[in-house]
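Coordinates in review
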Amino acid sequence: MFFPSEPFRIKVVEPIRRTTREEREKLIKEAGLNVFNVPAEAIYVDLLTDSGTSAMSDNQWAGLMLGDESYAGSKNYYHFEESVRDIFGFTHIIPTHQGRVAENLLFSTILEKGMIVPNNIHFDTTRANVEYNKGLALDLVIDEAYDPHIFHPFKGNMDLHKLEQTIQQHGVHRIPLVFITITNNSGGGQPVSLQNIRETRQLLDRHGIPLFFDACRFAENCYFIKEREEGYRDKSIKEIAREIFSYGDGCTMSAKKDGLVNIGGFIGMNNDELADKITTRLILIEGFPTYGGLAGRDLEAIARGLQEVLNEDYLHFRISQVRHLGQMLEDEGVPILKPVGGHAIYLNAKEFLPHISQRQFPGQALTVALYREAGIRAVEIGGLMFGHKDPHTGEDVWPELEMVRLAIPRRVYTTQHMVYVAESIAKLYKEREKIRGLRLVYQAPVLRHFTARLEEV
Ligand code: PM9
């Protein structure tokens, strides 16, 4: 498979250590079979998340030295605002220290009990923030998204029929806005087409409902549009991004993904009244509107990162590196979600471990086995993350997909690291009958996967 070489060279290195099998056995046991509790120094290849784990460029590090840490009106804020507006175009740009705060500020301002927020698929922090504010988070992605075998170029698309039905059923007054997550993380990092975005906008215009984007991985989404959607091959990534956001009334963004930084986020919007209300809350919980919980130097790094991420050589390498890992796994017969998305490979845990029922957390069992076997940290996106009790019937509800995500940090690991990951998983796949199911011994009331403790059945 043709795969471009890295469009950067390495100037600084961070040593990583290989642990022994015995060390890992002990650590994972102490961690309650939850890789979130394992110290990062005991991980060889860390694919827990692509969030906040990017390697910054020399240009971004240089920007940190220009940090203006004035409480109000830092010059870095103005540069940040200019850079964000250049791509996203929104009138109000409100910095936050990460994505979930942007979600919290937005939903705590607009939601009233019983309101509904449709999305293609809500990410877990988005869902939690909607539900915490007494709203109902609905996933209205196209059905193809739930079939890991179907190739659809834009598997993150919103199902317009489901959206129209939802509006008819619940009424416009209960839907303060609709979200589209680009790329659709919880559905496999799958892109949304511009046609689908345009049509969603037209549908919402008929009802007077605003459209917001969860823009964490917008540049990767734009790359897929350029590659797969007719009429966009000759457009630049920035032109595609501008068109996407021209259909929106606002966005939330965790800059920890396509901002190429280790911390930061923002809310963008056009509505003056809403921006005023959110800014008042921002001052209460994050800080003054020109820093929003960040240092001036962080804002500078975001301003630069957002422009760097639009580079096509970078995006070509990025998407190809993830795709290459997927191809190596497929060549070994390992079941993965197809097509490969933008930032991660998703192992299909139901097919990897058919002998473990969903009640015994096959995704988490596979995640634990991967750490034990090879010191690789992945994350379960399945029953542990999304399983819950139905509030009306008290029955257990399990998600359709049971996956293990291998999220690839940006500009961090080399192709040889990817070979190591593919070979380790292929070995595990050959010995999969040895992996046992798990049961919960502790769970928190919200976002339980972060702190859950489990044991082997
Ligand atoms: N995503 C991820 O690993 C980091 C948190 S869970 C380990 O995928 C979307 C689509 C996300 C996301 C975070 C957030 C929240 C919102 N939307 O982590 O609060 O993927 O900056 O962003 C993670 P923050």
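Read on for a plain summary of the structure. (Residues numbered from 1 in each chain as written. Predicted model: local features only at pLDDT ≥ 70, side-chain atom pairs only at ≥ 80, totals over all residues. Heavy atoms only, no water.)

1. Some words on the site of the ligand
The following threshold applies: We define proximity as follows: a residue is near a molecule or strand when any one of its heavy atoms falls within 4 Å of that partner. Whenever a nitrogen or oxygen atom comes within 3.5 Å of another N or O atom, the pair is scored as a polar contact, on the condition that within protein one atom can donate a hydrogen and the other can accept it, and that pairs from neighbouring residues in sequence are kept only if both atoms are in side chains. For every accessible area listed, the method is Shrake-Rupley and the probe measures 1.4 Å; residues are considered covered only by the protein chains on display. By definition, any uninterrupted DSSP run of H or I lasting at least four residues is a helix, any uninterrupted run of E lasting at least two residues is a strand, and each is numbered from the N terminus. Classification used: nonpolar for Ala, Val, Leu, Ile, Met, Phe, Trp, Tyr, Cys and Pro, charged for Asp, Glu, Lys and Arg, polar for all others including Gly.
Around the ligand, the structure places 18 residues, and the nearest of them are T49, R100, S254, K257 and R405. K257 places a side-chain nitrogen or oxygen 3.1 Å from a nitrogen atom of the ligand. Between R405 and the ligand, the recorded distance is 2.6 Å, taken from a side-chain N or O atom to an oxygen atom. Summarising the interface, the protein chains cover 96% of the accessible area of the ligand, which totals 530 Å² for the free molecule. In terms of residues, the shell around the ligand owes the most to one element, helix α4 (residues 99-110), which gives three residues. Looking at the shell around the ligand, its residues break down into three nonpolar, eight polar and seven charged.

2. Observations regarding the packing of aromatic side chains
Defined as follows: Ring pairs are drawn from Phe, Tyr and Trp, using the six-membered ring of Trp, whenever the two centres fall within 6.5 Å, and their geometry is named by plane angle: stacked under 30 degrees, edge-to-face over 60, tilted for the rest. Comment: the charge-over-ring label is applied if NZ (Lys) or CZ (Arg) is within 6 Å of the ring centre and within 35 degrees of the ring normal.
Under the counting rule described, the total for this entry stands at 19 aromatic pairs. Look at Y71 and Y291: their rings are 5.2 Å apart centre to centre, the planes differ by 70 degrees, and that puts the pair in the edge-to-face class. One end of the pair, Y71, is in the loop between α2 (58-64) and α3 (75-88); the other, Y291, is in the loop between α10 (272-285) and α11 (296-308), and 220 residues separate them in sequence. The ring of Y314 is capped by R411, whose NZ or CZ atom sits 6.0 Å from the centre of that ring. Over the ring of Y429 we find R432, and its NZ or CZ is 3.9 Å from the ring centre.

3. A short note on the environment of V172
Applicable threshold: Should any heavy atoms of two residues lie within 4.5 Å, those residues are counted as being in contact.
Examined against the element boundaries, V172 turns out to sit in the loop between α6 (160-170) and β5 (178-181). With 36 residues separating them in the primary sequence, V172 and G208 have C-alpha atoms 8.0 Å apart. Ignoring any residue separated from it by four or fewer positions in sequence, one finds V172 in contact with I167, H207 and I209.

4. A few points about the sheet that holds strand β9 (residues 344-348)
Cut-off, in case you're wondering: Here, strands pair whenever DSSP counts at least two bridges between them. Axis geometry follows a simple rule: fit a line to the C-alpha atoms, using only the stretch in contact for helices, then measure angles between N-to-C directions, giving values from 0 to 180 degrees.
Across the sheet, which stays open at both edges, the three strands sit in the order β9-β14-β11 with antiparallel pairing between neighbours. With one partner strand each, in any of the chains shown, β9 and β11 (379-381) form the two edges of the open sheet. Between one strand and the next, the sheet's axes are offset by a mean angle of 35 degrees, whatever the strand orientation. Where β11 meets strand β14 (residues 403-407), three bridges bridge the pair, whose relative direction is antiparallel. The residue of β14 that forms the bridge with V379 is R405. Sitting on the sheet, helix α14 (residues 362-374) touches β9, β11 and β14, and the angle it makes with β14 is about 45 degrees.

5. Section: the side chain of R377
Tracing the backbone shows R377 in strand β10 (residues 376-377). A distance of 3.1 Å separates a polar side-chain atom of R377 from the backbone oxygen of V38. In this structure the side chain of R377 is engaged in a polar contact, spanning 2.8 Å, whose partner is the side chain of D46. Setting aside its immediate chain neighbours within four residues, R377 contacts V35, F36, V38, A40, I43, V45, D46, L47 and L48.

6. Overview of the nonpolar core
For the record, the criterion: Throughout this description, the term nonpolar core refers to a set of buried Ala, Val, Leu, Ile, Met, Phe, Trp, Tyr and Cys residues connected via side-chain atoms within 4.5 Å. Relative accessibility thresholds used throughout: buried, under 20% of the residue-type maximum; exposed, over 50%; partly exposed, between the two (1.4 Å probe, protein chains only).
L325, L329, I345, L347, L366, L406 and I425 are the most contacted members of the largest nonpolar core, which totals 62 residues. For this core, the leading source of residues is helix α16 (residues 415-430), giving eight residues. Sequence-distant contacts of L366, that is, excluding residues within four places in its chain, are made with L347, A349, F352, L353, V404, L428 and I435. With 58 residues, the next largest nonpolar core counts I116, I180, I197 and I319 among its residues.

7. So, the packing of α3 against α11
The angle between the axes and the distance between the axes are what describe a pair of packed helices. Threshold: What sets the label is the angle itself: under 35 degrees gives roughly parallel, over 145 gives roughly antiparallel, 65 to 115 gives roughly perpendicular, and the rest give oblique. The sense of a crossing depends on the near helix, which, turned anticlockwise from the far helix by less than a right angle, makes the crossing left-handed and, turned clockwise, makes it right-handed.
Where α3 meets α11, the closest approach of the two axes is 8 Å, and the angle between their N-to-C directions is 25 degrees. As far as their axial angle goes, α11 and α3 are roughly parallel. For the pair α3 and α11, the sense of crossing is left-handed. Contact with α3, carried on its side by N76, Y77, H79, F80, S83, V84, D86, I87 and F88, involves G296, R297, L299, E300, I302, A303, R304, L306 and Q307 of α11 and no other residues of that element. Class assignment for the residues of the contact of α3 with α11 results in nine nonpolar, five polar and four charged.

8. Some remarks on empty space enclosed by the protein
Condition: Grid spacing is 1 Å over the protein atoms alone, the probe is 1.4 Å, and a cavity is where that probe fits but cannot get out, while a pocket is an open set with protein on both sides within 12 Å along at least five of seven lines and lining residues have an atom within 4 Å of a point. Grid points are joined across faces, edges and corners, and a volume is the space filled by probe spheres set on the points.
Throughout the structure, instances matching the rule amount to one cavity of 30 Å³ or more. The space that makes up the largest cavity amounts to roughly 40 Å³. Along its surface, the largest cavity is lined by N34, V35, F36, Q364, V379, E380, L384 and H449. When its residues are assigned to classes, the lining of the largest cavity shows four nonpolar, three polar and one charged.

9. As for the pattern of salt bridges
Short version of the rule: For this document, the term salt bridge refers to a Lys or Arg side-chain nitrogen within 4 Å of an Asp or Glu carboxyl oxygen.
Tallied over the full model, the rule gives 36 salt bridges. Across the salt bridge formed by K11 and D58, the nearest N and O atoms sit 3.4 Å from each other. With K11 in the segment before α1 (21-30) and D58 in helix α2, the pair connects residues that are 47 residues apart, well separated along the chain. Across the pair, exposure class does not vary: K11 and D58 are exposed alike. Notably, a salt bridge pairs R304 with E300, separated by 2.8 Å at the nearest N-O pair.

10. Regarding α3
This is how the line gets drawn: Helices are assigned an expected span. That span is 1.5 Å times one less than the residue count.
Along its 14 residues, α3 runs 20 Å from first to last C-alpha, staying within 8% of the 20 Å computed at 1.5 Å per residue. Tucked into the core, α3 has its buried residues touching β2 (92-96), α8 (218-228), α9 (237-246), β7 (250-254), β8 (265-269) and α11. At the N-terminal end of α3, a side-chain oxygen is found 3.1 Å from the backbone nitrogen of N76, two or three residues along, and the residue is S74. Where α3 ends, the next residue or the one after it, G89, has phi of about 80 degrees, a positive value.

11. Let's talk about the state of the cysteines
Rules: The definition used for a disulfide is geometric: two cysteine sulfur atoms within 2.5 Å.
Summed over the entire model, instances satisfying the criterion amount to zero disulfides. The structure places no disulfide on C222, whose sulfur is separated from the nearest cysteine sulfur, that of C251, by 12 Å. With no disulfide of its own, C251 lies closest to C216 among cysteine sulfurs, the gap being 9.5 Å.

12. Structural notes on α6
Two residues of an α-helix separated by three or four positions point the same way, owing to the 3.6 residues in each turn. Defined as follows: Note that the arc is computed from the directions linking the helix axis to the C-beta atoms.
Within α6, the full set of buried residues consists of K162, L163, T166, I167 and H170. Taken end-on, α6 shows its buried residues confined to a sector of 135 degrees, consistent with a single buried face. Residues of α6 that are exposed and point over 90 degrees away from its buried face: H161, Q168 and Q169. Of the surrounding secondary structure, the elements contacted by the buried residues of α6 are β3 (116-119), β4 (136-139), β5 and α7 (194-207). Regarding α6, its N-cap is D159, as a side-chain oxygen of that residue lies 3.0 Å from the backbone nitrogen of H161 further along.

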